[in-house]
Amino acid sequence: MTAPILRRLADLRVRQAEWARAGETIGVVPTMGALHAGHLSLVEAACDACDRVIVTIFVNPRQFNSPEDLANYPRTEHEDAQKLSGYPVDVIYVPDPDQIYPDGYATTVSVDGLTDVLEGEFRPGHFDGVATVCAKLFLQTGAQKAFFGKKDYQQMMVVRRMARDLDIPIEVIGCETVREETGLAMSSRNLRLSVSGLQKAAALYRVMQDMATKLAEGVAVSEVESAARDALSASGFEDIEYLDLRCQNSLHKLQHPDRPARLLAAAWMDGIRLIDNIAVPVSER
Ligand code: PAF
């Protein structure tokens, strides 16, 4: 059965108040639509962990760096609602833009430190947009649990920090990245890749796994990184923005994985920007 689509905050609040009165746990899965198996795994986790589940669909203009990227972002509300009909979702919240950014809206939520590197460096202002809309969605839904994919690892950390710093009583739960059979991380952006681009893009995960193995064996990060960049270029990636080993908690750059670490990458294929990250086993060298 398809869940009701609500577009006004007042309507969402009526449901949310009923559920809160009944002492029910509310989970939220924030999305920008164009739902794929990765999103659906978050919805499944939310349905397993919560009494009530709200999926939000809002293409947030404040987190896009280029008007072209915003204009090209896929909008597939009808198909999204159909995909969600396979899950016991209670509400699909598709707020009208003025429900998030009413006339005269003037507040930005900005998280320092964690946002200076990686995505923050290459997409200035992106995380201000993400933190702002997530703060609003958390407060509007009154959810106690929010479900985020680890594919956007830095986003998950930024949102978790924002909620903690602002005392928003919500637990930000990270769920594993869902991949295509080729290993390519699922992303709404994959829809914009050509058939050959889709195949070539699978090299990103392969190369990162290979890098992680070598790092765990004690090979220096500089050596591993330059070989990986060459391999990605040979596979058709046009530009590799970053390919970094970072502490999984602070996102500080590491020379070797002497503590829990992640390898994070952003690279362009077919004019589409793709990101991915994987855990790297701790190695004493
Ligand atoms: O990951 C996304 O789809 C978006 O950044 C989010 C979390 C829904 C905020 O707009």
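Just so it is clear, the model here is predicted, and its values are computed rather than measured. (Residues numbered from 1 in each chain as written. Predicted model: local features only at pLDDT ≥ 70, side-chain atom pairs only at ≥ 80, totals over all residues. Heavy atoms only, no water.)

Draft legend 1. Region of the structure containing the side chain of aspartate 69. Structurally, aspartate 69 can be placed in helix H3 (residues 67–72). Those residues in contact with aspartate 69, other than ones at most four positions away along the chain, are Phe64, Arg123, Arg189 and Arg192. (Helix = DSSP H or I, 4+ residues; strand = E, 2+ residues; numbered from the N terminus. Contact = heavy atoms within 4.5 Å.)

Draft legend 2. A look at the sheet that holds strand S8 (residues 261–269). A sheet is described by the order of its strands in space; here 3 strands give the open sequence S7-S8-S9, paired in antiparallel fashion. The two strands at the open ends of the sheet, each matched to only one other strand, are strand S7 (239–247) and strand S9 (272–280). Geometrically, the sheet is characterised by an average inter-axis angle of 10 degrees between neighbouring strands, direction not taken into account. Of the pairings in the sheet, the one linking S7 to S8 comprises 8 bridges and is antiparallel in character. Within the sheet, the bridge partner assigned to isoleucine 240 lies in S8 and is alanine 267. The strands touched by helix H10 (residues 203–216) within the sheet are S7, S8 and S9, with S9 carrying the most contacts at an inclination of about 30 degrees. (Pairing = 2+ DSSP bridges. Axes fitted to C-alpha atoms, helices over the stretch in contact; angles between N-to-C directions.)

Draft legend 3. Geometry of the UniProt feature "active site" (unreviewed entry) in the chain. UniProt records the feature "active site" (unreviewed entry) at His39, using the numbering of this structure. On the secondary structure map, histidine 39 appears in helix H2 (residues 37–49). Residue histidine 39 is classed as buried on the basis of its relative accessible area, which comes to 12%. Ignoring anything within four residues of it in the chain, the contact list for histidine 39 reads Thr31, Gly33, Ala34 and Ser188. (UniProt positions renumbered as here; feature names shortened; annotations may be inferred. Buried < 20%, exposed > 50% of the residue type's maximum accessible area, 1.4 Å probe, protein only.)

Draft legend 4. Summary view of the pairing of S9. Of all 9 residues in S9, 8 are buried; the element is thus mostly enclosed. Where S8 folds back onto S9 in an antiparallel hairpin, the turn is made up of 2 residues, including aspartate 270, whose phi is positive at roughly 60 degrees.

Draft legend 5. The site of the ligand, seen in detail. Around the ligand, the neighbouring residues are Pro30, Thr31, Met32, Gln63, Val133, Cys134, Phe148 and Gln155. Residue glutamine 63 places a side-chain N or O atom 2.6 Å away from an oxygen atom belonging to the ligand. The fraction of the free accessible surface of the ligand (290 Å²) that becomes covered by protein chains is 89%. Elements that contribute at least two residues to the shell around the ligand include exactly strand S2 (26–31) and helix H7 (126–141). Among the residues forming the shell around the ligand, the class breakdown is 5 nonpolar, 3 polar and no charged. (Near = heavy atom within 4 Å. Polar contact = N/O pair within 3.5 Å; in protein donor to acceptor, adjacent residues only side chain to side chain. Areas by Shrake-Rupley, 256 points an atom, 1.4 Å probe, with all protein chains shown as cover. Nonpolar A, V, L, I, M, F, W, Y, C, P; charged D, E, K, R; others polar.)

Draft legend 6. Spotlight on the packing of helix H1 (residues 9–21) against H7. Remark: H1 packs on H7, axes separated minimally by 9 Å, with the N-to-C direction vectors making an angle of 50 degrees. Taken together, the axes of H1 and H7 lie oblique to each other. Listed contacts from H7 to Leu9, Leu12, Arg13 and Gln16 of H1 are Leu139, Gln140 and Thr141. Its residues placed into classes, the contact of H1 with H7 shows 3 nonpolar, 3 polar and 1 charged. (Parallel < 35°, antiparallel > 145°, perpendicular 65-115°, else oblique.)

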